[in-house]
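Next come the chains, spelled out residue by residue.
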Amino acid sequence: DTGVSQDPRHKITKRGQNVTFRCDPISEHNRLYWYRQTLGQGPEFLTYFQNEAQLEKSRLLSDRFSAERPKGSFSTLEIQRTEQGDSAMYLCASSLGRMDSPLHFGNGTRLTVT
Amino acid sequence: KNQVEQSPQSLIILEGKNCTLQCNYTVSPFSNLRWYKQDTGRGPVSLTIMTFSENTKSNGRYTATLDADTKQSSLHITASQLSDSASYICVVGPRDLNYGGSQGNLIFGKGTKLSVKP
């Protein structure tokens with residue numbers, strides 16, 4: 001399967017702990033996006049990368065959140081000092097970055113903070 | 001404020017029937033409009049992408065229309081199947097003048113939850 005893969009699929013953590021998620025995009029895609037989705041809502045934009053450069057961050061992304069994409073390949077999203085409000089599905093997507101390019105989503109990492 | 005509103009919030013139809021989902025947006029400047037299908041517990045999958053100059057785009061039994069003047073789009077599903085049960089999300093891409101196209105911050109609607117019953 002050469003689609004977008006995310007790891008882990010599920011993560012349960014205690015409040016205050018740090019967590020890190022990984023996303024492996026489709027190899028030829030230069031754009032990589034992170035979204036957060038809660039039940040009954042559409043995905044909310046967090047941040048995106050063009051190759052290794054982080055071009056935009058949402059105001060939703062507090063200083064407890066950090067994302068990296070070293071070498072422009074896989075990406076990690078870290079949440080420090082997790083809070084119960086961080087519980088959500090974290091989706092990664094990649095694309096070729098052209099105006100008509102679809103986003104290809106992974107199946108997400110579901111985070112539960114207890 | 002850039003917003004995407006979808007209606008209805010949920011819809012139940014019988015297998016084999018047609019249905020139409022609506023999307024209104026206030027995004028400006030506007031570059032493109034997308035429809036995604038999201039099965040429960042999975043990531044969204046792209047159905048159609050239309051640029052501001054396109055009026056309609058089909059993908060099998062799915063047909064999307066766009067009226068850029070009224071800022072409305074619809075997704076029509078023909079001869080529904082049980083596997084069409086999912087959330088359908090309308091997504092609008094603002095034009096990013098710095099990067100020459102729709103980049104980064106796509107704006108997602110909350111989706112319409114469709115249930116197809118036998």
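Draft legend 1. Representation of the overall build of chain A. What chain A contains, in helices and strands, is zero helices and 11 strands. In sequence order, the secondary structure elements of chain A are arranged as β-β-β-β-β-β-β-β-β-β-β. Rg of the C-alpha trace for chain A: 13 Å, near the compact-globule value of 13 Å for 114 residues, within the 12% margin. Its C-alpha atoms give chain A principal-axis dimensions of roughly 40 × 25 × 25 Å. In chain A, which comprises 114 residues, the proportion classed as buried is 46%. In the structure as shown, chain A presents an accessible area of about 5,800 Å², 44% of it carried by carbon and sulfur atoms.

Draft legend 2. Broad picture of the sheet that holds strand 8 (residues 75-79) of chain A. Residues and elements named next belong to chain A. Read from one edge to the other, the open sheet built from four strands follows the order 1-3-8-7, with strand pairing classed as antiparallel. Strands with a single pairing partner mark the edges of an open sheet, and in this sheet they are strand 1 (5-7) and strand 7 (65-68). Here the average twist between neighbouring strands, direction ignored, is 15 degrees. Where strand 3 (residues 19-24) meets strand 8, five bridges bridge the pair, whose relative direction is antiparallel. Paired with Arg22 across the strands is Thr76, a residue of strand 8.

Draft legend 3. Broad picture of the state of the cysteines. All names here are of chain A. Inspection of every chain in the model, using the stated rule, returns two disulfides over all chains. Note that Cys23 is cross-linked by a disulfide to Cys92, the S-S spacing being 1.9 Å. Across the S-S bond linking Cys23 and Cys92, the dihedral sits near -65 degrees, which makes this disulfide left-handed. Of the two residues, Cys23 sits in strand 3 while Cys92 sits in strand 9 (residues 88-95), which places them 69 residues apart along the sequence.

Draft legend 4. Inspection of the confidence of the model for chain B at higher detail. Across chain B, pLDDT averages 91, with 92% of residues at or above 70. Every residue in residues 99-103 of chain B scores below 50 in pLDDT, and together they form 17 contacts with partners more than four places removed in sequence or on other chains.

Draft legend 5. Here's a closer look at the interface of chain A and chain B. Listed per partner, the contact involves 24 residues of chain A and 23 residues of chain B. Summed over both partners, the interface of chain A with chain B comes to about 1,900 Å²; 52% of that surface belongs to carbon and sulfur atoms. Applying the counting rule to chain A against chain B returns zero salt bridges. Counting every contact that joins chain A to chain B gives five residue pairs in polar contact (both at pLDDT 80 or more).

Draft legend 6. Representation of the pattern of salt bridges in the model. Residue and element names in this part refer to chain A. Under the definition given, this model contains six salt bridges over all chains. When the shortest N-O distance is used, the salt bridge between Arg64 and Asp86 registers 2.8 Å. You can see Arg64 sitting in the loop between strand 6 (53-57) and strand 7 and its partner Asp86 sitting in the loop between strand 8 and strand 9, a full 22 residues away along the chain. With respect to class, Arg64 is no different from Asp86; both count as buried. Taken together, the shared-partner salt bridges in this structure form one network comprising Arg64, Glu83 and Asp86.

Draft legend 7. Representation of the pairing of strand 1 (residues 4-7) of chain B. Residues and elements named next belong to chain B. On strand 1, burial follows the alternation: Val4 and Gln6 on one face are buried, whereas Glu5 and Ser7 on the facing-out side are not. Judged from the four bridges that link them, strand 1 and strand 3 (residues 19-25) form a sheet pairing that is antiparallel. Bridging from a neighbouring strand, Gln6 pairs with Cys23 of strand 3.

Draft legend 8. Representation of the environment of B:Gly60 in the model. In this fold, B:Gly60 is placed in the loop between strand 6 (56-59) and strand 7 (62-67). With 17 residues separating them in the primary sequence, B:Gly60 and B:Ile77 have C-alpha atoms 9.1 Å apart.

So, how was this worked out
- Once a new chain begins, its residue numbering starts again from 1 and follows that chain's sequence as written.
- The lettering of chains begins at A and the numbering of ligands begins at 1, in the order of writing.
- Side-chain atom pairs in this predicted model are given and counted only at pLDDT of 80 or more, local residue features only at pLDDT of at least 70, and totals for whole chains, interfaces and linings cover all residues.
- For side-chain calculations, the full set of non-hydrogen atoms in the structure is used, while hydrogens and water are omitted.
- Only runs of H or I of at least four residues qualify as helices and only runs of E of at least two qualify as strands under DSSP, and these elements are numbered from the N terminus.
- Throughout, the radius of gyration refers to the C-alpha atoms, and the reference size of a globule is 2.2 Å times the residue count to the power 0.38.
- Three exposure classes are used, based on accessible area relative to the maximum for each residue type with a 1.4 Å probe and protein chains only: buried under 20%, partly exposed in between, and exposed over 50%.
- Note that accessible areas follow from Shrake-Rupley with a 1.4 Å probe, and for residues the cover is restricted to the protein chains shown.
- Whether two strands pair comes down to DSSP finding at least two bridges between them.
- Fitting a line to C-alpha atoms yields each axis, with helices limited to the stretch in contact; the angle taken between N-to-C directions then spans 0 to 180 degrees.
- Cysteine sulfur atoms are paired as a disulfide whenever they come within 2.5 Å of each other.
- Confidence per residue, as judged by the predictor, is encoded in pLDDT with a range of 0 to 100.
- Residue contacts are defined here by distance: any two heavy atoms, one from each residue, within 4.5 Å place the two residues in contact.
- Defined in terms of a 1.4 Å probe, buried area is the accessible area two parts forfeit on being brought together, summed over both.
- Put simply, a salt bridge is a Lys or Arg side-chain nitrogen that is within 4 Å of an Asp or Glu carboxyl oxygen.
- Side-chain atoms alone can form a polar contact between residues adjacent in sequence; in general such a contact is a pair of N or O atoms within 3.5 Å, and within protein one must be able to donate a hydrogen while the other accepts it.

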